[in-house]
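Structural description and commentary
Chain by chain, the residues:
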Amino acid sequence: MNQISFLILFPLVPALLLAVISNQTFRNVIVWVSSLSLIFVSISLATAHLGGSPEFFSVESPILEKLFFGGEILLSLYLLWRCKGITKKESYIPVLIILQAGIGIFLELSGKLPKVENAFYVDNLSIIMALIIGIIGTIICIYALGYMKEYHEHHTEIKNNTRGFFFIFFLFLSAMFGVVLCNNLVWLFFFWEVTTLCSFWMIGYSKTEEAKRNSYRALGLNLLGGLGFSLALFYLTFLSKAPTIELDKLIHAGSLLALIPACLICFAGLAKSAQMPFSSWLLGAMVAPTPVSALLHSSTMVKAGVFIIIKMAPVLQHTTAGLLLAGVGGVTFLMTSLLAVSQSNAKRVLAYSTIANLGLIVTCAGVGTYEAVWAAILLVIFHALAKGLLFLTVGTVEHKIGSRDIEDMGSLIIVKPFLGIVMLIGIAGMFLAPFGMLISKWACLKALIDASPILAILLAYGSAPTLFFWSKWMGKILSVSSKAKALDSPVDSNEAIALSSLAIPTILTCLLFPLIASVAIEPYISSIYGQTISLSQGNLTIMTIMLGLIILVPLGFIFYPRKQKHVFGYLSGANVSGSASFLGAMGVVKDVANRNYYLSSAFGEAKLTIPSVFLGIALITGMFVVVLL
Amino acid sequence: MTMTKIALALSYVIVGGVLGGFLAGFDRILTARMQGRKGPPLMQPFFDVLKLMEKRTVVVNNHQTFYVACFLIFIVLTGTLFFVGGDLLLTIFALTVAGIFLVLGAFSSNSPFSIIGAERELLQMMAYEPALLIAALGMYWITKSFHVSDIVSYGHPLIAVLPGIFISVLFILTIKLRKSPFDLSTSHHGHQELVKGLTTEFSGSSLAMIEVAHWYENIMLMGFVYLFFASTPIIGIAATILVYILEVLVDNIYARLTWQFTIASSWIVTGALAVTNLMAITLFLK
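Keep in mind that this is a model prediction, so the values were computed, not measured.

Right, let's get into the packing of helix α1 (residues 2–34) of chain B against helix α3 (residues 63–83) of chain B. Residue and element names in this part refer to chain B. Running from N to C, α1 and α3 point in directions that differ by 135°, and their axes come no closer than 9 Å. Judged by the inter-axis angle, α1 sits oblique to α3. As for the relative orientation of α1 and α3, their crossing is right-handed in sense. Here Leu 8, Ala 9, Tyr 12, Val 13 and Gly 16 of α1 lie close against α3, whose contacting residues are Val 76, Gly 79, Thr 80 and Phe 83. In the contact of α1 with α3, the residues fall into six nonpolar, three polar and no charged.

Now the structure itself:
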């Protein structure tokens, strides 16, 4: 319990300190010290509880309840106040805030809220999440130290509010720990809404018109999801045959009693994880500074959405509603993977790929069998690592080469070898065997074919474009242009430390994942389902061989004899100055420029977005129709 | 058990390539006969590769050879995995990794012809991947195992229950074997719109490695076709040879098509035949 209260409360200390201190040295010290403490405590929480059965903690404190209630009201008031900036089209936002606050206040004052036995808990899934928040989250905070300094050097037109930025960052960490460790759903919901607030604030950071509109869209869609959560609480208090507002009791109630509130909560999860039809807010969120995209919009906050859906998996298992929910994820995975092909803005590719992978997790959780949940948790871990790494790398690359367009990253391996290698590790981690995400996809395929073949087919189709857009990006980085020169501008030390400390685990987890699976995932699965899967030794050996080859073969080439004759690339014999330019048909010298395929006529946003949104809406409507009938 | 596996692995590594070379020679004779020529001797592909090895390797940069070596290593690994009876999904993923190495090699040269070839190769991979995965899923549904060894020893002909999946595999096999109408990324002949596409900037021993890798790859692909008939080995071998002859015939009677058509047609064929097939067996053969 001490560790839980530390994780939730301690981040507020640096948050408040950083809100008032603007000296860079002090800021560095505070961020480093508090990050290291959070890493230490989250690891000690893990060592104390990992592998064990879930533990619950009761808190008898009327003051605490009042504090949470006060917090909820303050939150709603703040958001209402922020509504002064909305346009006419966004006038639904205050309505949502008032509705939610109304339900919250009504529940609290009615005195009918079921009594909460255990307000907090630790189980293996929440430990995994706590480790992701505690380690990856704080690494991103350290990265942000260097990044925000450079950000304001590059964007002098944007008002420097680094103090506010770090305040929100640490407030967010506290709220995330709350989300994954709270058993009291009312409190969990409060933390949930705090993350919405953080995301809203961060997206609007640059105060440009685009940033403002996008931040309100994110707020609106997340509040819509939040309304689902409020309704779930309302249902659980007044309409349910087994009234409870405790997460574990809700899950154990089984699909007969708990399916309606579970679907309402999953609705909130879908919005938070930007599944179709909510995906637009996450794309808009890319205007925020890159550490925000890494922390909130790929590694942690959007994971809160899938976290709660994974939690609901036992309730959803073997239900039509669960399959329809899985369908939302499957459609999202396929469509956003296709959409990512058409993007050349690196952050948008990452955003689409994030939505796609969250979709895959939703698919597994919606199916809800023990195999599927196993795969879902594996995806959560690997995705948090590799995607966090990729976002941060893109952020640094953008500051170094002045662009986040993949087309401008040609020869990155020559221009900035460190960043090139780190980016390659991140990309390989996302789609190449035997790295993490591929292992997870493999597990997903096996789980889905057993449960629902049509979902496995969506996965088979969706993974094909994935390999296309990642490989062409890789190819861009690795192409060696004769014009490319190494860039002499060192990477900030905080950023370099953060990048390395994400890149190394991305590789190590491939070797260690059997251990992670047996220590963390399998106990969770068997505590809920009473059975679990373990990996076949033969396949593990093969994957180790593959990883070994991928790492060792490059080393072998250091000693490779270089007797080869070098020539310039073939330009139909019209080369001028090596292979950098050629003699055109009219006798004019033209530079060689290679661009990737984006296939926008086939997979462009104009073509695919609207059908996917409609499919998403149809499936969600279907889910509620099935549940209510 | 392990000893037989090691023996199988070694025999694939040694025999697989040789067999693939003969298959390539057979392909060339067959093609020549279809075109009314006599064609080269059966050993010609081996002579070609030996000659390539003799030649000096000319490169645009040093990285290229590395990627090609990885391509060869991973193709051999894929085939080995397959022939020792390993996990079919893992085999498909390893094949993808191998393919990506070749593509990266082409990208690395930064030469326009190879880059267009590389992009097209990726498009082709995108076109065939769903069919391969769905084929693996179909075989799993029937035999309850992803392991090639279990699929081979299933005892009943898979073709009887997986005809749609089989046809979709035949369709994408044309892409995998780099045959017309889907040989977009490379062409067997120079002086075409892509020069030699993917392989434009490879020569000498690098090009030889690519050739040898294709031999290994083709043998593995024929093994995949064999799985559909594995219950009766003689029919299996006959069917595999027939399939190859059919692919050569298709190669000779079709002109090259566009990437749009390649993706659309393979996805639609996969969707119409393989998906329907899979849905049917999952509904009726519980």
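Back to the text.
The next point concerns the interface of chain A and chain B. Taken together, the 46 residues of chain A in the interface contact 53 residues of chain B. For the side of chain A that touches chain B, the elements supplying multiple residues, two or more each, are α20 (436–451), α21 (453–478), α23 (537–558) and β3 (565–566) of chain A. A per-element tally of the side of chain A that touches chain B places α21 of chain A first, with 16 residues. For the side of chain A that touches chain B, a count of residues per class yields 31 nonpolar, twelve polar and three charged. Relative to strand β1 (residues 58–59) of chain B, β3 of chain A runs parallel, the two sharing two bridges. In the strand pairing of β1 of chain B, Lys 565 of chain A is matched with Val 58 of chain B.

The next subject is helix α19 (residues 417–431) of chain A. All names here are of chain A. Helix length check: α19, at 15 residues, gives a terminal C-alpha distance of 21 Å against a target of 21 Å (1.5 Å per residue), a fit within 8%. Burial analysis of α19 places eleven of its 15 residues in the buried class, which makes it a mostly covered element. On the buried face of α19, the contacting elements are α16 (346–367), α17 (370–401), α18 (412–415), α20, α21 and α22 (493–529).

Looking now at the environment of Ser 601 of chain A. For Ser 601 of chain A, the position within the fold is in helix α24 (residues 600–603). Here the alpha-carbon distance between Ser 601 of chain A and Phe 200 of chain A, two residues 401 residues apart in the chain, equals 33 Å.

Take the confidence of the model for chain B next. Low-pLDDT portions of the prediction should not be read for the details of their coordinates. Looking at chain B, pLDDT values average 90 and 96% of them are 70 or higher. Under the prediction, the complex receives an ipTM of 0.93, its pTM being 0.94.

Attention now moves to the sheet that holds strand β4 (residues 575–576) of chain A. Residue and element names in this part refer to chain A. Reading across the sheet, the three strands line up as β4-β5-β6 and stay open at both edges, with antiparallel pairing between neighbours. Only two strands of the sheet have a single neighbouring strand rather than two, namely β4 and β6 (589–591). In this structure, strand β5 (residues 581–583) lies alongside β6, joined through three bridges in antiparallel fashion. Bridging across to β6, Leu 583 finds its partner in Val 589.

Below, the discussion takes up α21 of chain A. Across its 26 residues, α21 of chain A extends 38 Å between first and last C-alpha, which sits within 8% of the 38 Å expected from 1.5 Å per residue. Extensive coverage of α21 of chain A is indicated by the burial of 25 of its 26 residues.

This part takes up unusual backbone geometry. Across the junction of Met 276 of chain A and Pro 277 of chain A, the peptide omega takes the value 5°, indicating a cis bond. For the bond from Ser 180 of chain B to Pro 181 of chain B, the omega torsion is 5°, close enough to zero to count as cis. If you trace the backbone, Pro 181 of chain B turns up in the loop between α7 (163–176) and α8 (204–227). Non-glycine residue His 318 of chain A carries a positive phi angle of around 60°. Here His 318 of chain A shows up in the loop between α14 (301–316) and α15 (320–341).

Conventions we followed
Residues numbered from 1 in each chain as written. Chains lettered and ligands numbered in written order. Predicted model: local features only at pLDDT ≥ 70, side-chain atom pairs only at ≥ 80, totals over all residues. Axes fitted to C-alpha atoms, helices over the stretch in contact; angles between N-to-C directions. Helix = DSSP H or I, 4+ residues; strand = E, 2+ residues; numbered from the N terminus. Parallel < 35°, antiparallel > 145°, perpendicular 65-115°, else oblique. Left-handed = near helix turned anticlockwise from the far one by under 90°. Contact = placed C-beta atoms within 7 Å. Nonpolar A, V, L, I, M, F, W, Y, C, P; charged D, E, K, R; others polar. Pairing = 2+ DSSP bridges. Expected span 1.5 Å × (residues − 1). Buried ≥ 20, exposed ≤ 12 C-beta atoms within 10 Å, placed from the backbone. pLDDT = per-residue confidence, 0-100.

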